[in-house]
Amino acid sequence: MGLNHIKNLMDEMKFTGMAHSLERLLSEAQTQGWSATEFLDGLLQVEYDYRENKKITSRLKFSRLKRKPVFEDFDFTAKRSITKSQIKELYNLSWMGRPIVLIGPTGVGKTFIAQAIGTHACQNKHTVLCMRASTFLEELGLARSSGSYLKFKNRIAKPDVFIFDDFGMRKFSSPEAEAFCELLEDRSYGKSTVITTQLPFENWAEVIEDPVIADAIIDRLKHVSLTYKIKGESYREIQAKKLDAQKKGD
């Protein structure tokens, strides 16, 4: 049985990772004197890695994460109140199943952290969906007007992690707030909702039309969420200063 025939069989059986790496692994096996077991282990490992990377790519595509940042790129030199131990806590994903609320002024890195959570979760076999609050409200309105609200609701309730970015940038009408409250309830069983906002909990009622629903939303989050209050300089401003310094240096 020739090498091309073996590769064709692998392709036909969807062992794409094996087929792509077969010649390289055969060469390494001959050069390094691998046993049959070691060679088989190498073949299985490249196939496993190929399939896992394909799944990660698929989860990232579904997530709607725009930048796909990673925790390794978080700049600890910027003067912000969030600590390395807190970033490590978010990184280890032991909080999965609980809500995360990131509170702080614009520019301190809330969205970066939330999306880094999303990227890391995708890389660790979790499904993720990310939406800005304004997009959520727009799609909610379209779903209701087109009669597809249940489909919309299920799509958001399903992922392991739902990132709700920029809560409070727009006021919620009573029906919108009720839908958001239902979403939190649907996701309170083994799912995580990550919320970024400039508003501390005591100010949430200012952007939710119905005070009863506002209390229900706050109650669903305040007592069970991991809440991080981030203070510090705007990272965008810090980056702008660095660019200015570089230009002057040039």
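Conventions adopted
- Residues numbered from 1 in each chain as written.
- Predicted model: local features only at pLDDT ≥ 70, side-chain atom pairs only at ≥ 80, totals over all residues.
- Heavy atoms only, no water.
- Helix = DSSP H or I, 4+ residues; strand = E, 2+ residues; numbered from the N terminus.
- Buried < 20%, exposed > 50% of the residue type's maximum accessible area, 1.4 Å probe, protein only.
- Expected span 1.5 Å × (residues − 1).
- Contact = heavy atoms within 4.5 Å.
- Salt bridge = Lys/Arg side-chain N within 4 Å of Asp/Glu carboxyl O.
- Phe/Tyr/Trp six-rings, centres within 6.5 Å; stacked < 30°, edge-to-face > 60°.
- Lys NZ or Arg CZ within 6 Å of the ring centre and 35° of its normal.
- Pairing = 2+ DSSP bridges.
- Axes fitted to C-alpha atoms, helices over the stretch in contact; angles between N-to-C directions.
- Core = buried A, V, L, I, M, F, W, Y, C linked by side-chain atoms within 4.5 Å.

Draft legend 1. Quick peek at unusual backbone geometry. Here arginine 64, not a glycine, exhibits a phi torsion of approximately 65 degrees, which is positive. Along the chain, the position of arginine 64 falls in the loop between helix H3 (36–63) and helix H4 (84–91). Judged by relative accessible area, arginine 64 falls into the partly exposed class, the value being 36%.

Draft legend 2. Examining H3 more closely. Its 28 residues give H3 an end-to-end C-alpha distance of 41 Å, which sits within 8% of 40 Å, the value for a rise of 1.5 Å per residue. Every buried residue of H3 is listed here: Phe39, Gly42, Leu43, Val46, Glu47, Glu52, Ile56, Arg59, Leu60 and Ser63. For H3, the secondary structure elements touched by its buried residues are helix H1 (3–12), helix H2 (16–32), helix H5 (110–123) and strand S2 (128–132). Among the residues trailing H3, arginine 64 stands out with phi positive, at a value near 65 degrees.

Draft legend 3. Representation of the pattern of salt bridges within the structure. Tallied over the entire structure, the rule returns 12 salt bridges. Across the pair glutamate 23 and lysine 7 runs a salt bridge, and its minimum N-O distance is 2.8 Å. Note that glutamate 23 is positioned in helix H2 and lysine 7 in helix H1, a separation of 16 residues in sequence. As a salt-bridge pair, lysine 153 and aspartate 186 come within 3.5 Å of each other at their nearest N and O atoms. You can see lysine 153 sitting in helix H7 (residues 149–157) and its partner aspartate 186 sitting in helix H8 (residues 174–186), a full 33 residues away along the chain. A single network of salt bridges, built from pairs that share partners, joins Arg64, Glu139 and Arg155.

Draft legend 4. Local environment of the packing of aromatic side chains. Tallied over the entire structure, the rule returns 15 aromatic pairs. Their ring planes at 50 degrees and their centres at 6.1 Å tell us that phenylalanine 74 and phenylalanine 112 sit as a pair that is tilted. Highlighted residues: phenylalanine 74 in the loop between H3 and H4 and phenylalanine 112 in helix H5, separated in sequence by 38 residues. The partly exposed category is assigned to phenylalanine 112, whose relative accessible area is 29%. Aromatic side chains phenylalanine 164 and phenylalanine 167 sit 6.4 Å apart centroid to centroid with 50 degrees between the ring planes, which places their arrangement in the tilted category. The same class applies to phenylalanine 164 as to phenylalanine 167, namely buried. By way of ring pairs, the aromatic residues Phe136, Phe152, Phe162, Phe164, Phe167, Phe172, Phe180, Phe201 and Trp204 are connected into one cluster. Above the ring of phenylalanine 76, the side-chain terminus of lysine 84 is found at 5.5 Å from the ring centroid. The ring centre of tyrosine 149 lies 4.8 Å from the NZ or CZ of arginine 144, which sits over that ring.

Draft legend 5. Up close: the sheet that holds strand S4 (residues 192–197). Read from one edge of the open sheet, 5 strands run S2-S3-S4-S1-S5, paired in parallel fashion. Every other strand in the sheet has two partners, leaving S2 and strand S5 (226–229) as the edge strands with one partner each. Averaged over neighbouring strand pairs, the angle between their axes works out to 10 degrees when direction is ignored. Judged from the 5 bridges that link them, strand S3 (residues 161–167) and S4 form a sheet pairing that is parallel. Bridging from a neighbouring strand, valine 161 pairs with serine 192 of S4.

Draft legend 6. Here's a closer look at the nonpolar core. Phe136, Phe164, Phe167, Phe180, Trp204 and Ile217 are the most contacted members of the largest nonpolar core, which totals 33 residues. Of all elements in the fold, only strand S1 (100–103), S2, helix H6 (133–146), H7, S3, H8 and helix H9 (211–222) reach the threshold of two or more residues within this core. Per-element accounting of this core gives the leading share, 6 residues, to H8. Excluding residues within four positions of it along the chain, phenylalanine 164 makes contact with Met131, Ala133, Phe136, Phe172, Phe180, Val194, Ile195 and Thr196. Counting residues in hydrophobic clusters, the runner-up holds 27 residues, among them Leu65, Ala114, Ala116 and Leu226.

Draft legend 7. Up close: the environment of alanine 214. Mapped onto the secondary structure, alanine 214 falls in helix H9. Judged by relative accessible area, alanine 214 falls into the buried class, the value being 0%. Along the sequence, alanine 214 and tryptophan 204 sit 10 residues apart, while their C-alpha atoms lie 7.1 Å from each other.

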